[in-house]
Amino acid sequence: MFSFSDENDFSGRRCVWVNGPVIVGAGPSGLAVSACLREQGIPFVVIERSDCIASLWKKRTYNRLKLHLPKKFCQLPKLPFPEEYPKYPTKKQFITYLENYAQKFDIKPQFNECVQSAKYDESCHLWRVVTVSTTGSTRSKTEYICQMLVVATGENAEGVVPEIDGLQEFSGEVIHVKDYNSGEKYNGQKVLVVGCGNSGMEISLDLSNHNAKPSIVVRSSVHVLPREIMGKSTFDLAMMLMKWLPLWLVDKLLLILAWFIFGNTQNYGIKRPSLGPLQLKNHHGKTPVLDIGALQKIRSGDITAVPGIKRFNCNSVELVNGETLEIDSVVLATGYRSNVPYWLQENDLFSKNGFPKTPFPNGWKGKHGLYASGFTRRGLAGVSADAIKIAQDIGEVWKEDLKNQKVPAHRRCISTF
Ligand SMILES: Cc1cc2nc3c(=O)[nH]c(=O)nc-3n(C[C@H](O)[C@H](O)[C@H](O)COP(=O)(O)OP(=O)(O)OC[C@H]3O[C@@H](n4cnc5c(N)ncnc54)[C@H](O)[C@@H]3O)c2cc1C
Ligand SMILES: NC(=O)C1=CN([C@@H]2O[C@H](COP(=O)(O)OP(=O)(O)OC[C@H]3O[C@@H](n4cnc5c(N)ncnc54)[C@H](OP(=O)(O)O)[C@@H]3O)[C@@H](O)[C@H]2O)C=CC1
Ligand SMILES: O=C(O)C(=O)Cc1c[nH]c2ccccc12
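Scoring rules and cut-offs
Residues numbered from 1 in each chain as written. Chains lettered and ligands numbered in written order. Predicted model: local features only at pLDDT ≥ 70, side-chain atom pairs only at ≥ 80, totals over all residues. Heavy atoms only, no water. Pairing = 2+ DSSP bridges. Helix = DSSP H or I, 4+ residues; strand = E, 2+ residues; numbered from the N terminus. Near = heavy atom within 4 Å. Areas by Shrake-Rupley, 256 points an atom, 1.4 Å probe, with all protein chains shown as cover. Nonpolar A, V, L, I, M, F, W, Y, C, P; charged D, E, K, R; others polar. Patch = residues over 30% accessible without salt bridge, like charges linked within 9 Å, V, L, I, M, F, W, Y side chains within 5 Å. Salt bridge = Lys/Arg side-chain N within 4 Å of Asp/Glu carboxyl O. Buried < 20%, exposed > 50% of the residue type's maximum accessible area, 1.4 Å probe, protein only. Axes fitted to C-alpha atoms, helices over the stretch in contact; angles between N-to-C directions. Contact = heavy atoms within 4.5 Å. Core = buried A, V, L, I, M, F, W, Y, C linked by side-chain atoms within 4.5 Å. Domains from an automatic or database assignment. Polar contact = N/O pair within 3.5 Å; in protein donor to acceptor, adjacent residues only side chain to side chain.

1. Some points on the pairing of strand E18 (residues 309-312)
Where E18 meets strand E19 (residues 316-319), 3 bridges bridge the pair, whose relative direction is antiparallel. Following the sheet pairing, Ile-309 is matched in E19 by Leu-319. Between E18 and E19, which pair antiparallel and follow one another directly, the connecting turn spans 3 residues.

Written out as C-alpha cells, the structure is:
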C-alpha cells in the first residue's frame, strides 16, 4: 500500500495505491476472503465503515441472539469453532470466534471509512474506490486505486423501513429491529412487532419473556419449522435428505414433520406459502423461520398473530381485518437490503436490488477483477463457499501476473495525474 496526497486533486483527498485487492466490508465475508488471501501471501486492504469487525453482529443484533444453524454450517474457512462451543453458539461466542479469526490471519481493516463510490477506470484498467471518513467533523476522503475489488458489504447492510400510513402520527417509540437490544425496557408494554421472519419471531419471544405483550404482524405467509426435530437440527436433516431426494420431496417431508409438531399453523394466524420452505429459500431467498419457542407462545396466546396493517393512529393501529389495537410501541422487523447500488457504479455483476444478477452458484465473479462475496442468500455457509472461490481466482490472476512479470497497472497509471 502506498499513500500520498495528490497535489493536483483540489478536493484534498488522499490517494492510496493498493497492491492486491480492496475488500469492502469487515463482516464474516470480508474476513473469510482476507484469510484465504493471507494464506496465499497475497496483500489486500479491507475497508470498513464501522469502528470494528463484524459490526452487524456487534452493533445491530439483539442480546439473546444465537446462531440458528448448527456450528458446523457456520464456521469460516481455515478455522473451526472451538470444540467446547455449544451446537448453537451465542452471539458473544460468535463474535469472539471472529475476533480470533481476524487476529490469526492478521486482518487489520481501515476502520471508520465508508465506501461512497467505486468505479472502473477504463483509461488505466483500475478500480477507483472513494471512501469518506465516518469520524471527526472533516469528512475527509480517500481514493483507493486497485486492480481487484471484492464487494463484501452484505445482504443486511441497511434496515428496511417501510412507509406505512399514519406511522408519523404514532406517538410511541418506533424502532427497527437492528436497534433492538432486549425486551427489558418494554416490561408491561403492548408492542407491535411488524414482520414475521426470524427477527420478528425471535424478538416477539424475547418481549414475551420480559413480560411485554407482543402482537406480531403476519401480512402474507411464512414457513415455520422447528429448529430441531427429536434432538436433530432440522437444517442438518434437510441437508442429509437433499443428498438422496429432490428438493420438493424434502420440503414435503419437512412439512409433514412440522405438522406433527405444530399442527396446522393457520389455526393460530400463520398461513404457509404454497411453495415449500427450501424451494422458497432457494428461488426467492425467503428464509423459513427456525422456531425456538415463539410458536408455542402464539398457541398459548402470550403472543398474538395479527394480519396486515391498514394505518397507524396516535396510539393505535388499524388492521386490514377492521380491528384496532391499542399499542405503546412498534418494532419494525421488516428486513434488510444491500447497499451496493448506492456506491458501486457498475451494471454487469449486480442488479438494481444490490444482489448479483446471476443466481447461485455463479454470481461471485464479474468483469475487470470485480467479485461479490456473501450475496448467495445461503447464510454463513454461502459466505465461506464464496470466499474460497474468490481467493482461489484472485490467486490464479496474481500468480499469472507474477510469472509474466507484469508491471502493476497502477504504476503505469501514475502518469495520468
Ligand atoms: C440477526 C441475524 C442473524 C443471522 N444469523 C445467521 C445464522 O445463524 N447462520 C447463518 O448462516 N447466517 C445468519 N445470518 C446471515 C448473515 O448474513 C451472516 O451471518 C453474516 O453476517 C453475513 O456476513 P457478511 O460479511 O456478508 O455481511 P455483514 O455481516 O453484514 O458484514 C458487512 C460489513 O460491511 C460493512 N459495510 C457495509 N457497507 C459498507 C460501505 N459502503 N463501506 C464500508 N463498509 C461497509 C458493514 O458495516 C459490515 O461490517 C444472520 C443475519 C442476521 C441479520
Ligand atoms: N437466530 C438467527 O440466526 C436469526 C437469523 N436471522 C436471519 O436474518 C435475515 C433477516 O431476517 P429478518 O430480519 O427476519 O427479515 P426477513 O426479510 O426474513 O423478514 C421480513 C419480514 O417483514 C415483513 N414485512 C416487510 N414489510 C412489511 C410491512 N410493510 N408490513 C408487514 N410486514 C412486513 C415480511 O413480510 P412478507 O414476507 O409478507 O414480505 C417478512 O415477514 C434472515 O436471513 C434470517 O434468517 C434473523 C434473526 C435471527
Ligand atoms: O440464517 C440465515 O439467514 C440463513 O440464510 C441460513 C440459512 C441458509 N439456508 C437456510 C435454509 C433454511 C433456514 C436457514 C437457512
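Structure shown, so let's carry the discussion forward.
2. Digging into the site of ligand 2
In the vicinity of ligand 2, 21 residues are found, and the nearest of them are Lys-66, Ser-199, Arg-219, Ser-220 and Lys-286. For ligand 2, the protein covers 77% of the area, taking 930 Å² as the surface of the free molecule. It is helix H4 (residues 198-209) that provides the largest number of residues to the shell around ligand 2, a total of 3 residues. Split by residue class, the shell around ligand 2 holds 8 nonpolar, 9 polar and 4 charged.

3. Description of the pairing of strand E5 (residues 113-121)
Bridging between E5 and strand E6 (residues 126-133) involves 8 bridges; their strand directions are antiparallel. Residue pairing across strands places Lys-119 opposite Arg-128, the latter belonging to E6. Linking two consecutive strands that pair antiparallel, namely E5 and E6, is a turn of 4 residues; a positive phi of about 60° is found at His-125 within it. Bridge count between E5 and strand E23 (residues 344-345): 2 bridges; the pairing is parallel. Counterpart to Ala-118 in the pairing with E23 is Leu-344.

4. With respect to a nonpolar patch on the surface
Among the surface-exposed residues, Leu-253, Ile-256, Trp-259, Phe-260 and Ile-261 lie close enough to one another that they form a single nonpolar patch of about 540 Å² accessible area. In this fold, Ile-256 is placed in helix H6 (residues 247-262). On the basis of relative accessibility, which here comes to 47%, the residue Ile-256 falls in the partly exposed class.

5. Examining the sheet that holds strand E24 (residues 370-372)
The strand order across the open sheet built from 4 strands is E4-E3-E8-E24, with neighbouring strands paired in parallel fashion. Since the sheet does not close on itself, it has two edges, and those belong to strand E4 (45-47) and E24, each with one partner. The mean angle between the axes of side-by-side strands here comes to 20°, regardless of whether they run parallel or antiparallel. Examined bridge by bridge, strand E8 (residues 149-151) and E24 share 3 bridges and lie parallel to one another. If you follow Leu-149 over to E24, its bridge partner there is Leu-370. Sheet strands in contact with helix H1 (residues 28-39) are strand E3 (22-24), E4 and E8, and its direction is about 160° off that of E3. Sheet strands in contact with helix H10 (residues 379-403) are E8 and E24, and its direction is about 165° off that of E24.

6. Here we look at the nonpolar core
Counting residues in hydrophobic clusters, the biggest one holds 79 residues, and the most contacted among them are Tyr-97, Tyr-101, Tyr-180, Ile-270 and Ile-298. The element that contributes the greatest number of residues to this core is H10, accounting for 7 residues. Residues lining this core come from more than one domain, with at least three contributed by each of domain 1 (2-157 + 338-411) and domain 2 (160-332). Apart from residues no more than four positions distant in its own chain, Ile-270 is found in contact with Met-201, Val-218, Val-222, Val-224, Thr-265, Leu-295, Ile-298 and Ala-305. Core analysis: the next-biggest nonpolar cluster, separate from the first, contains 24 residues, Val-24, Tyr-120, Val-129 and Phe-355 among them.

7. Considering the site of ligand 1
Near ligand 1 there are 29 residues, and of these Ser-29, Glu-48, Ser-55, Trp-57 and Leu-380 occur at the shortest range. At a separation of 2.9 Å, an oxygen atom of ligand 1 approaches a polar side-chain atom of Trp-57. Protein burial of ligand 1: of its 990 Å² of free accessible surface, 93% is covered by the chains. Mapped onto the shell around ligand 1, the elements with two or more residues apiece are H1, helix H2 (55-59), E5 and H10.

The quantities given are spatial measurements derived from coordinates; they are silent on function.
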